[in-house]
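# Summary of structural features
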Amino acid sequence: MKSAKQRMGCGIVVRAMLFGLMGMLGVSAPTAEAQTYLYGRAGFPTKSGPSAVATADLNSDGLVDLAVTNSNDNTVSILLAQATGGFGAQVTYATGTSPNALVIADFNGDGKPDLAILNQNDNTVSVLLGNGDGTFQKQVTYATGSDPIGIVVADFNGDQRLDLAIANSNDSTVSILLGNGNGSFQAQTTVAVGTQPISMASGDFNGDGKLDLITSNAGTETVTVLLSDGTGKFTRVDSPSEPECRGMAVGEFHNNGTPDVIVASQTTDQVFLLTGNGDGSQQAAVSMLLS
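Heads up: these notes are all about the structure in this document. Since this is a predicted model, take the numbers as computed values, not measurements. (Residues numbered from 1 in each chain as written. Predicted model: local features only at pLDDT ≥ 70, side-chain atom pairs only at ≥ 80, totals over all residues. Heavy atoms only, no water.)

By size, the foremost hydrophobic cluster in this structure holds 15 residues, and its most contacted members are Phe107, Ala116, Val125, Ile151, Leu164, Leu177 and Phe185. At the level of elements, β7 (99–105), β8 (114–119), β9 (124–128) and β12 (163–168) are the ones that each hand at least two residues to this core. Residue contributions to this core peak at 3 residues, all from β7. Setting aside residues no more than four positions away along its own chain, Ile151 makes contact with Leu102, Val103, Ala116, Leu118, Val125, Leu164, Ala165, Ile166 and Met200. (Core = buried A, V, L, I, M, F, W, Y, C linked by side-chain atoms within 4.5 Å. Buried < 20%, exposed > 50% of the residue type's maximum accessible area, 1.4 Å probe, protein only. Helix = DSSP H or I, 4+ residues; strand = E, 2+ residues; numbered from the N terminus. Contact = heavy atoms within 4.5 Å.)

In structure tokens:
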């Protein structure tokens, strides 16, 4: 029977051989307790129920950092990238209840990234202003509609200040919160869309140079385009879609200068193309199923 020292020596040799083999295969060995590497993939701890992630350089060091919403414990985790690879230990900030989506943008014009986070269960959006060093100020919350599920950031009224558009699934509306330019926002105004919007995107759907919005609506199996007039107001245009289209992407797939829409139907296991007509309406959905 081998002694404890002999068994320890064998273990060291086996680990050395394993890490040597991993190196030959281009696989990274574990480098920190907060990171778990396996076959080139690394895991970094968050809080409970991570639900959405966004990336940006949050501390101006030229590296891309992470912001992760945690729906079960009502926080956002900030993971700063390390120059040697990977990310440092998370720092968390309080959000509203059940955060489920976020965007990163500069809401007060100071050149530092800020956060806007949707809180699904208390029908609010949290804004956390960034300090430029990877830390954030305490949240300020603003009311949305019921069950906010999608968010778009843009200047919707032409004042050079960033505004928020938020899709609300339970009351079938889009909330528009106009930015004041100092990191605060005006109270929401709402625009009706199809029943139960479950995703939202943006594009210029009528070629007037103004950014419009589009929602995919599960309850009515439609898409709703909200044509912007450039003052923060919108005109609604509905077009037929397909069942349970939860995923949506906007792109110019025909190279004709008009945005088209791709939707992913959960119930039919297909993606569909809705070709834009250039006036906000879309042609009938065509399956992109590959044989």
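With that settled, the discussion passes to the sheet that holds strand β11 (residues 148–154). One open sheet accounts for 4 strands, arranged β11-β12-β13-β14; its pairing is antiparallel. In this open sheet, the two edge strands, each paired with only one partner strand, are β11 and β14 (189–192). Between one strand and the next, the sheet's axes are offset by a mean angle of 25 degrees, whatever the strand orientation. The pairing of β11 with β12 spans 6 bridges and is antiparallel. (Pairing = 2+ DSSP bridges. Axes fitted to C-alpha atoms, helices over the stretch in contact; angles between N-to-C directions.)

The next subject is unusual backbone geometry. Of note, Ser172 is a non-glycine position whose phi angle comes to about 55 degrees, a positive value. Among the structural elements, Ser172 can be located in the loop between β12 and β13 (173–177).

The next thing to look at is the packing of aromatic side chains. Across all of its chains, the model carries 5 aromatic pairs by this definition. When the centroid spacing of 5.9 Å and the interplanar angle of 80 degrees are considered together, the rings of Tyr93 and Phe136 count as edge-to-face. Placement of the pair is Tyr93 in strand β6 (residues 91–94) and Phe136 in the loop between β9 and β10 (140–143), with a sequence separation of 43 residues. The pair Tyr93 / Phe136 is uniform in exposure class, with both members buried. Their ring planes at 70 degrees and their centres at 5.7 Å tell us that Phe156 and Phe234 sit as a pair that is edge-to-face. (Phe/Tyr/Trp six-rings, centres within 6.5 Å; stacked < 30°, edge-to-face > 60°.)

Our focus in this paragraph is the environment of Lys233. Positionally, Lys233 belongs in the loop between β17 (222–228) and β18 (234–240). Sequence-distant contacts of Lys233, that is, excluding residues within four places in its chain, are made with Leu227 and Ser228.

With respect to the helices and strands, Thr215 occurs in strand β16 (residues 212–217). Among the polar contacts made by the side chain of Thr215, one reaches the side chain of Asn217 at a distance of 2.9 Å. (Polar contact = N/O pair within 3.5 Å; in protein donor to acceptor, adjacent residues only side chain to side chain.)

On to the pattern of salt bridges. Taken as a whole and assessed by the stated rule, the structure comprises 2 salt bridges. A salt bridge links Glu244 to Arg246; its shortest N-O distance comes to 3.1 Å. (Salt bridge = Lys/Arg side-chain N within 4 Å of Asp/Glu carboxyl O.)

In short, geometric facts, not functional conclusions.
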